Amino acid sequence: MADSISLPGAIGIPEKHKPRPLALDVVYDWVTTVDHKKIGLMYISVSLFFLLVAGVEALLMRAQLFYPNFKFLPPQFFNELFTLHGTTMVFFVGMPILFGFGNYLVPLMIGARDMAFPRLNAFSFWISAFGALLMYYSFIGGSGLYGAGSAPDVGWFAYAPLTSIAFSRGHSTDYWTLSVFLSGIGTIGTSLNIVTTVISMRCPGMKLTKMPLLVWLYFVTSAMVFIAVGPLTAAQIMLTLDRYVGSHFFDTQAGGSAVVWMHFFWIFGHPEVYILVLPAFGFANEIIPVFSRKAIFGYPAMVAATVGIGFVSMGVWAHHMFTVGLGAGSNAFFVLSTMVVAIPTGIKIFNWLATIWGGKIRFATPMLFCIAFLFQFLIAGLTGIMLSVAPLDWQLNNSYFVVAHFHYVLVGAILVNIFAAFYYWYPKVTGRMMSETLGKWHFWLFIIGFHLTFDFMHIPGFEGMPRRIYTYDPGHGWTIWNQIATIGAFIQAIAVLIFVYNLVRSYFKGYPAGNDPWDAWTLEWATASPPPHYNFAEIPEVMSRRPLWDIKHPEDPDWRYE
Ligand code: HEM
Ligand SMILES: [Cu+2]
């Protein structure tokens, strides 16, 4: 373990001499903190909790789908489950966990002491957390927990007229609208913080062309949030006006249009999947080089591809609406624009492979997850291209082929790289290593479970199984594929429990990590583990994209070649 580099001034009062804070002091400290590291960890902890909640929802749905005509769950509750599962996983797991990592890492990686707006940072976290709580309060806020509770039941994209006051009685839809609206405000606040921090708080020498790629990914992601979240927020305000003030924005019977809601939602919804996947790409950009012992291949192309994806992904949204009847002209445009996304994405996959090629690979758990990500993201991309062919999408739209495709991206690429990030940066956050043995169990069980759940799911999709059905007849030949998928889902659940156990156990019993257990090259590894609250006693100065490489290899520094 290379534990050699720590910048001057990292010395403080030895822990053992500090008086033990009272529990209340600790709670007060976390509740009132404006420290980006603590706020990042709170984002990550709350999201992990909701990952387990949404995971249980997924298991309940999979159990219901194990047998044809199974009566394990009532249909109304199934509608609530997929609505909550989808909404929670996207808005209260994916976004906050990725912004949690961004909050923790971006200031450290650019050599700053904190985010540009610490109080806004705290506000953004608490309003997002409140949004998540409000969403689940809906279960008890209405008429009881089981059966017709008032949990939202309109699906995660809440199409009109399902959400109209005529169809959606009570406040179930309002809980969806308000909690997603609040999480949107939090996300915009955090994005504003990240963009301002990246522009104005980089340490001396860190030009934009010398920033770690992960920081670039968060920069572009945050800029996309500004553009994408606005339309969703506006549509939610219009929906609430339709429900309570009698306007008719989405009311097709009164001069409005249900299709307009779809445009507004997917103008947000498609960039949203890139807002989720770009930070996950960023994790791969940091982990793959360190475990291949080679600098990333094609840094400038990686930056250009990221910006390219940011732009193009804003112009593909109607590929979710090929069956709405927008007309051949616009369908053709959105077929082409969707296919164009494959170019910058392909560049990224090529550059990751070129980085691994000829490298001295260390198959530690973070790298294993990144290798699985590479393979699974490629498959997810290919089924995405299939669905971008409008005539084929007319057959597969809203089928289980689509459910398999987006889970291949959300689980196979994003969640898998989030796991990689945990194993990679946990030593920095806690000062202890996660268990590699438990890590390997987590990895192999999760990957086997994942492929059992989502590979075979494409088949009933091809055979016409619609999404969101709570049961099906035995005669379709879908039973075996659903049973394999359900078994896979439970295997994934066991893997996630091993992961949670590893997180908790390692906090108390993990090997001491030191400052730089992976012999890495970016600035966060130059601080102590965990970093002091002020991050750096003296703001560092960098000369290349791998500042720690330069310090460790003065005989052959990177700045000579950049
Ligand atoms: C890890 C294991 C997971 C399993 C077994 C699982 C299972 C399911 C099931 C059974 C459905 C309902 C399908 C239907 O009835 O149409 C569903 C829908 C969905 N899932 Fe997952 N899921 C998992 C992870 C995730 C993750 C990590 C995300 C996002 C980050 C996610 C996002 C969604 C979304 C957006 C929907 C659509 C909900 C809707 O139709 O409104 N899932 N999932
Ligand atoms: Cu899309």
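Residues numbered from 1 in each chain as written. Chains lettered and ligands numbered in written order. Predicted model: local features only at pLDDT ≥ 70, side-chain atom pairs only at ≥ 80, totals over all residues. Heavy atoms only, no water.

S.K.: Let's hear about the coordination of the iron atom of ligand 1: which residues, and what values?
M.R.: Listed as protein donors to the iron atom of ligand 1 are His85 (NE2) and His407 (NE2); their distances from the metal cover 2.0 Å. Taken together, the 6 donor atoms surrounding the iron atom of ligand 1 define angles of 88 to 179 degrees at the centre, an arrangement classified as octahedral. In this pair, His85 sits in helix H3 (residues 75-109) while His407 sits in helix H13 (residues 400-430), placing the two residues 322 residues apart along the sequence. Residue His407 is classed as buried on the basis of its relative accessible area, which comes to 15%. (Donors = N, O, S within 2.8 Å, 3.2 Å for Na, K, Ca; no water. Tetrahedral: all angles 85-135°; square planar, octahedral: opposite > 155°, others 65-115°. Helix = DSSP H or I, 4+ residues; strand = E, 2+ residues; numbered from the N terminus. Buried < 20%, exposed > 50% of the residue type's maximum accessible area, 1.4 Å probe, protein only.)

S.K.: Pulling in residues and values, what's your account of the packing of H3 against helix H5 (residues 172-200)?
M.R.: Axes are the key here: two packed helices are described by the angle between their axes and the distance separating the axes. Packing of H3 against H5 leaves a shortest axis separation of 11 Å and a crossing angle of 20 degrees. It follows from the interaxial angle that H3 and H5 lie roughly parallel. Seen from above, H3 lies across H5 with left-handed handedness. In contact with Thr83, Thr87, Phe91, Phe92, Met95, Phe99, Asn103 and Val106 of H3, H5 contributes Trp176, Ser179, Val180, Ser183, Thr187, Thr190, Ser191, Ile194 and Val198. Class assignment for the residues of the contact of H3 with H5 results in 9 nonpolar, 8 polar and no charged. (Axes fitted to C-alpha atoms, helices over the stretch in contact; angles between N-to-C directions. Parallel < 35°, antiparallel > 145°, perpendicular 65-115°, else oblique. Left-handed = near helix turned anticlockwise from the far one by under 90°. Contact = heavy atoms within 4.5 Å. Nonpolar A, V, L, I, M, F, W, Y, C, P; charged D, E, K, R; others polar.)

S.K.: I'd like to hear about the environment of Ser124, residue by residue, with values.
M.R.: By the element assignment, Ser124 lies in helix H4 (residues 118-141). Since its relative accessible area comes to 0%, Ser124 is described here as buried. For the pair Ser124 and Gly184, spaced 60 residues apart in sequence, the C-alpha separation works out to 9.2 Å. Leaving out residues up to four positions away in the same chain, Ser124 has contacts with Tyr43, Gly186, Gly189 and Thr190.

S.K.: Outline the nonpolar core, supporting the account with residue identities and numerical values.
M.R.: Judged by nonpolar contacts, the single largest core of 158 residues is most densely connected at Phe101, Trp261, Phe283, Trp352 and Phe446. Other than its neighbours up to four places away in sequence, Phe283 contacts Leu98, Phe101, Leu214, Tyr218, Asn417, Ile418, Ala421 and Trp425. Core analysis: the second largest hydrophobic core is formed by 6 residues, Ile39, Tyr43, Phe125 and Ala129 among them. (Core = buried A, V, L, I, M, F, W, Y, C linked by side-chain atoms within 4.5 Å.)

S.K.: If you had to explain the site of ligand 1 to someone new, which residues and values would you point to?
M.R.: Neighbouring ligand 1 are 19 residues; His85, Trp156, His407, Arg467 and Arg468 lie closest to it. Contact between ligand 1 and His85: a nitrogen atom at 2.8 Å from a side-chain N or O atom of the residue. Contact distances for ligand 1 include 2.8 Å between a nitrogen atom and a side-chain N or O atom of His407. Taken together, the residues that form the shell around ligand 1 break down as 12 nonpolar, 5 polar and 2 charged. (Near = heavy atom within 4 Å. Polar contact = N/O pair within 3.5 Å; in protein donor to acceptor, adjacent residues only side chain to side chain.)

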